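If you want the building blocks of each chain, they are given just below.
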Amino acid sequence: MIVRIIIILLCLVFFINGCNSLISQFFGTHKLRSFEMAEVAEKGIGDADYVEITNARFEPDFVYQEAEEPGSPPIILYPVFAESSPDQTPALLAWTADFFDPCVEADTCIAAGTRTLRGVVRPLPDANLTGLDRLKEKGYSWEPPVIVINENEAPVAWYWNALMMLGAGLVAIGMEAFYNRKKA
């Protein structure tokens, strides 16, 4: 009986999570929102989860951070500036685990210049928080709360959220049908 209740509760959690993400993707915070970097530096990004920021200025400085937890990938963390930002005060931080390893030794992972930044607003993994301290040691400072973007990431596709809802619903209904058939 307790196993059945736990499974039903887990199905409910998966169903609600899938439904919430599906609704957010089409009508809420998971929908792609575009900003100018100057606007981000001045006002922030509000509750947006998936952003495209134009006119973001990059400097060739970054921090390579090995994961502190086994199985987690290493990342590079780098500051992103508005055109009017002072050189040591980034408007936001970006990170990625998708980079070519030799660029770390060659110190060429981030090209200087202005470009568009697209990604998901997501905090740094706990295994990589020391990267923030290493950026501060390099002389960078920012006002909390700092916006951190996982560059080139996108929210989970809508069909995976729909599949999560459907699967959870089918497991819950199937379990109840099996239990009621067995009882009869």
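Before any of the text, the structure's been laid out above.
Here's a quick rundown of the structure.

Cut-offs applied
Residues numbered from 1 in each chain as written. Predicted model: local features only at pLDDT ≥ 70, side-chain atom pairs only at ≥ 80, totals over all residues. Heavy atoms only, no water. Salt bridge = Lys/Arg side-chain N within 4 Å of Asp/Glu carboxyl O. Buried < 20%, exposed > 50% of the residue type's maximum accessible area, 1.4 Å probe, protein only. Phe/Tyr/Trp six-rings, centres within 6.5 Å; stacked < 30°, edge-to-face > 60°. Helix = DSSP H or I, 4+ residues; strand = E, 2+ residues; numbered from the N terminus. Contact = heavy atoms within 4.5 Å. Core = buried A, V, L, I, M, F, W, Y, C linked by side-chain atoms within 4.5 Å.

Overall, the coordinates contain 6 salt bridges when judged by the stated rule. The residue E59 makes a salt bridge to R57 at a minimum N-O spacing of 2.7 Å. Judged by relative accessible area, which is 11%, R57 ranks as buried.

Here the focus is the packing of aromatic side chains. A full pass over the atoms with the stated rule returns 5 aromatic pairs. An angle of 45° between the planes, with centres 6.1 Å apart, marks the rings of F58 and Y78 as tilted. Taken together, the positions of F58 in strand β2 (residues 50-58) and Y78 in strand β4 (residues 75-81) put the pair 20 residues apart, joining distant regions of the chain. Between W158 and Y159, the ring centres sit 5.9 Å apart and the planes meet at 80°, which makes this aromatic pair edge-to-face.

Here the focus is the side chain of S21. The topology assignment puts S21 in helix α1 (residues 2-27). Since its relative accessible area comes to 14%, S21 is described here as buried. Discounting residues that sit within four places of it in the chain, S21 has contacts with H30 and N161.

On to the nonpolar core. Counting residues in each nonpolar core, the largest one holds 23 residues, and the members touching the most others are M37, V40, I53, Y78, V80, L92 and L117. Contributing elements (two or more residues each) for this core: α2 (37-43), β2, β4 and β5 (92-96). When residues of this core are assigned to their parent elements, the largest contribution, 4 residues, is made by β2. Discounting chain neighbours no more than four positions away, the residues touching L92 are M37, V40, I53, P79, V80, L117, I147 and I149. Among the nonpolar cores identified, the runner-up in size contains 12 residues, and I75, L93, L135 and W142 belong to it.

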